[in-house]
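Tertiary structure, described
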Amino acid sequence: MMSLKVCPIALILSIIFSLFLISECGIIAVYWGQNAREGTLSDTCSSGLYKIVNIAFLPTFGNGRTPKLNLAGHCDPSSGGCQKLSSSIRQCQSQGIKVMLSIGGGAGSYSLSSDNDARQVANYLWNNFLGGKSNSRPLGEAVLDGIDFDIEHEQGQSYYATLARALSDYSKQGKKVYLT
C-alpha cells in the first residue's frame, strides 16, 4: 500500500488560494460624476467592471455650510436635475452593485467643527441620501448603500470618527449603511 505525503507548504498554499477564490478580494470600485465624458451612471454599472460605484462628490458640508452636491455637468442638483439619477441608482443596485456617495474630494469647502456638527452632517446624509426622509433628496428617492470618505483637507479631521459612528448607528434602523 502506498502512502501519500502531503507537502505542508503546498497544503497551506492551496488553502490560501481557496480562501482567495471565495473571498471578495479583487472588487473594483470607481468614482463617477466628475467627468461629463465618462458616460451615464447606467452605462458605468452595465459595463460589468465594477462592484462599487462612488457618486462623486458632496464637496461642501459641515461647519454651518449648506451641503452641496457637485456632479460636474451630469446634472444640476440646485434645480432638482439630479433626481433623474434615481432610476439609474436602482438599476445599478439591482445588478448587485453598491452605490455610495463620496463626500469631500480634492476641491471643495468641507470641515467638521465639533462632534455635534458631525452628527448634524450624519443626519443630513441619512435623510437626503440614505434611508431617511426628506423633501429635498438631491438624487431622488433612491436609497444609496453608504458613504465614501474622500477627506483630503485637514481641518476637523478629529470629528470624522464621530461622523462615521453616527452613520454606522443608522444601520440599526434596518438597512446596513456601508462606510468606505
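Here the structure is a predicted model, which means the values were calculated and not measured. (Residues numbered from 1 in each chain as written. Predicted model: local features only at pLDDT ≥ 70, side-chain atom pairs only at ≥ 80, totals over all residues. Heavy atoms only, no water.)

**Thoughts on the confidence of the model for the protein chain**
In low-pLDDT segments, the atomic positions of the prediction should not be examined closely. Put simply, the protein chain has an average pLDDT of 89, and 85% of its residues get 70 or more. Confidence drops under pLDDT 50 across residues 16-22; counting only partners more than four residues distant or on other chains, this segment forms one contact. (pLDDT = per-residue confidence, 0-100. Contact = heavy atoms within 4.5 Å.)

**A look at helix α4 (residues 115-129)**
Turn by turn, an α-helix covers 3.6 residues, leaving residues three or four places apart pointing in a common direction. For α4, built from 15 residues, the straight-helix expectation of 21 Å at 1.5 Å per residue is met to within 8% by its first-to-last C-alpha distance of 21 Å. Where α4 is buried, its residues contact β2 (52-58), β3 (60-61), β4 (98-105), β6 (146-151) and α5 (160-169). Its side-chain oxygen 3.4 Å from the backbone nitrogen of Asn116, Ser114 forms the N-cap of α4. (Helix = DSSP H or I, 4+ residues; strand = E, 2+ residues; numbered from the N terminus. Expected span 1.5 Å × (residues − 1). Polar contact = N/O pair within 3.5 Å; in protein donor to acceptor, adjacent residues only side chain to side chain.)

**Section: the packing of aromatic side chains**
If you walk through the whole model with that rule in mind, you get four aromatic pairs. Look at Tyr124 and Phe129: their rings are 6.1 Å apart centre to centre, the planes differ by 70°, and that puts the pair in the edge-to-face class. For the cation-ring pair, Lys176 lies above Tyr178, with the distance from its terminal atom to the ring centre recorded as 5.4 Å. (Phe/Tyr/Trp six-rings, centres within 6.5 Å; stacked < 30°, edge-to-face > 60°. Lys NZ or Arg CZ within 6 Å of the ring centre and 35° of its normal.)

**Some points on the state of the cysteines**
One pass over the structure, following the stated rule, counts two disulfides. The partner cysteine of Cys75 in its disulfide is Cys82, sulfur to sulfur 2.0 Å. Between Cys75 and Cys82 the sulfur-sulfur dihedral comes to about 100°; the bridge is accordingly right-handed. Overall, Cys75 belongs to the buried group, its relative accessible area being 13%. If you count the bonded cysteines of the protein chain from the N-terminus, they pair up as 1-4, 2-3. (Disulfide = S-S within 2.5 Å. Buried < 20%, exposed > 50% of the residue type's maximum accessible area, 1.4 Å probe, protein only.)

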